Amino acid sequence: MKTFIFKTAIFSSLIAAILILPSCRKEKQDPFRQQAHELFTKSLEISKSYIDSLATAKDTASLIRICDRYDEMITKLNYKYSSEVALHISEGANDTLTHLVERFITLKDSLLVVFSKKPTATDSIPTDSLSSIPMAKNL
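Student: What should I look at first to understand the overall build of the protein chain in this one?
Tutor: From N to C terminus, the protein chain includes five helices and zero strands. Each helix and strand of the protein chain, ordered N terminal to C terminal, gives the series α-α-α-α-α. Here the protein chain holds 139 residues, and the buried ones make up 19% of them. Here the contacts in the protein chain between residues at least 6 apart in sequence split such that 84% fall between residues at least 24 apart. Total accessible area computed for the protein chain in this model is approximately 11600 Å², and 61% of it derives from carbon and sulfur atoms.

Student: Where do I start with helix α2 (residues 33-53) in this structure?
Tutor: An α-helical turn contains 3.6 residues, so a residue and the one three or four places further along point in the same direction. Its 21 residues place the ends of α2 30 Å apart at the C-alpha level, agreeing with the 30 Å of an ideal helix rising 1.5 Å per residue. Every buried residue belonging to α2 is among Ala-36, Leu-39, Phe-40, Ser-43, Leu-44, Ile-46, Ser-47, Tyr-50, Ile-51 and Ser-53, and all of these are buried. Summarising the contacts, the buried residues of α2 are in contact with α3 (60-80), α4 (83-86) and α5 (91-116).

Student: What's the story with the packing of α2 against α3 in this structure? I'm lost.
Tutor: A pair of packed helices can be characterised by two numbers: the angle between their axes and the separation between those axes. Across the interface, α2 lies against α3 with an axial gap of 10 Å and an inter-helix angle of 175°. Considered as vectors, α2 and α3 are oriented roughly antiparallel to each other. Packed against α2, whose contacting residues are Leu-39, Lys-42, Ser-43, Ile-46, Ser-47, Tyr-50 and Ser-53, the element α3 presents Ile-66, Arg-69, Tyr-70, Met-73, Ile-74, Leu-77 and Asn-78 at the interface. In terms of residue class, the contact of α2 with α3 is made up of eight nonpolar, four polar and two charged.

Student: Which parts of the structure should I look at to understand the packing of α3 against α5?
Tutor: For the pair α3 and α5, the least separation of the axes is 10 Å and the interaxial angle reads 165°. By the angle class used here, α3 and α5 are roughly antiparallel. Both α3 and α5 take part in a crossing whose hand is left-handed. Contacts from Thr-60, Leu-63, Cys-67 and Tyr-70 in α3 reach Val-101, Phe-104, Lys-108, Leu-111, Leu-112 and Phe-115 in α5. Of the residues in the contact of α3 with α5, the class split is eight nonpolar, one polar and one charged.

Student: Any chance you could explain α5 here in plain terms?
Tutor: Helix length check: α5 (26 residues) gives 37 Å between terminal C-alpha atoms against 38 Å at 1.5 Å per residue, within 8%. Along α5, the residues classified as buried are Ala-93, Leu-97, Leu-100, Phe-104 and Phe-115. On its buried face, α5 is in contact with α2 and α3.

Student: I would appreciate a short explanation of the environment of Phe-32 in the present structure.
Tutor: Looking at the element boundaries, Phe-32 is found in the loop between α1 (2-24) and α2. Take Phe-32: its relative accessible area is 23%, and that puts it in the partly exposed class. Separated by 50 residues in the primary sequence, Phe-32 and Ser-82 place their C-alpha atoms 9.6 Å from one another.

Student: Quick question: what am I supposed to make of the pattern of salt bridges here?
Tutor: Once their charged atoms are close, side chains differing in charge can pair, the charge on each being opposite to the other. Applying the stated criterion to the full structure yields two salt bridges. Between Lys-76 and Glu-72 there is a salt bridge whose closest N-O contact spans 3.3 Å. Placement of the pair is Lys-76 and Glu-72 together in helix α3, with a separation of four residues, close to one helical turn. With a relative accessible area of 48%, Lys-76 lands in the partly exposed category. Measuring nitrogen to oxygen at the nearest pair gives 3.8 Å for the salt bridge that ties Lys-108 to Asp-109. Taking the relative accessible area as the measure of exposure, Lys-108 reaches 24% and is therefore partly exposed. Judged by relative accessible area, which is 38%, Asp-109 ranks as partly exposed.

About the criteria used
- Sequence order as written defines residue numbering, which begins from 1 separately in each chain.
- Local features in this predicted model are restricted to residues of pLDDT 70 or higher, and side-chain atom pairs are both shown and tallied only at a pLDDT of 80 or more, whereas totals for entire chains, interfaces and linings draw on every residue.
- The side-chain values count all of the structure's non-hydrogen atoms but skip hydrogen atoms and water molecules.
- In this text, helices come from DSSP runs of H or I with a minimum length of four residues, and strands from runs of E with a minimum of two, each type numbered from the N-terminal end.
- For every residue, the accessible area obtained with a 1.4 Å probe (protein chains only) is divided by the maximum for its type, and the residue is called buried under 20%, exposed over 50%, and partly exposed between those limits.
- Whether two residues touch is decided by their heavy atoms; if any such pair falls within 4.5 Å, the residues are in contact.
- Accessibility throughout is a Shrake-Rupley quantity obtained with a 1.4 Å probe, and a residue counts as covered only by protein chains that appear here.
- Expected helix span is given by 1.5 Å per residue-to-residue step, counting one fewer step than there are residues.
- Axis angles are defined between N-to-C directions and span 0 to 180 degrees, where every axis is a line fitted to C-alpha atoms and, for a helix, only to the segment in contact.
- If an angle is under 35 degrees, it is roughly parallel; if it is over 145, roughly antiparallel; if it lies from 65 to 115, roughly perpendicular; otherwise it is oblique.
- Residue polarity follows a fixed list, in which Ala, Val, Leu, Ile, Met, Phe, Trp, Tyr, Cys and Pro are nonpolar, Asp, Glu, Lys and Arg are charged, and the others, Gly among them, are polar.
- By the definition used in this description, the sense in which the near helix is turned from the far one sets the handedness, with an anticlockwise turn below a right angle giving left-handed and a clockwise turn giving right-handed.
- The working definition used for a salt bridge is a side-chain nitrogen of Lys or Arg within 4 Å of a carboxyl oxygen of Asp or Glu.

Dropping the structure here:
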């Protein structure tokens, strides 16, 4: 009976050691993890701020300037990090960024539709203003 209890205690200790020891070892750190998080955070900030700035667009020219600046800022940010870093952004973070870019494009497109339906200013002179000016005769 003592040997059975002794064997059971040794077996239980062995199982406990097998379960506990792997949690004590250092996990291999992903060298790109911190940079990927920074890239995601900065991309998120830029996307959100430019989505908010779309509300300030008064016409197509200002809308295009906002879109160009957004494109420029995202491009500059992506060139600050190696291409390897973007591969280490988590799937959920990529989905979030994709959703924000789709939101930006949807808002931009809807503003373009709104701006295209605005009536243009009509001419204040009902006739051609140049037709009333006498033409100079050839000398």
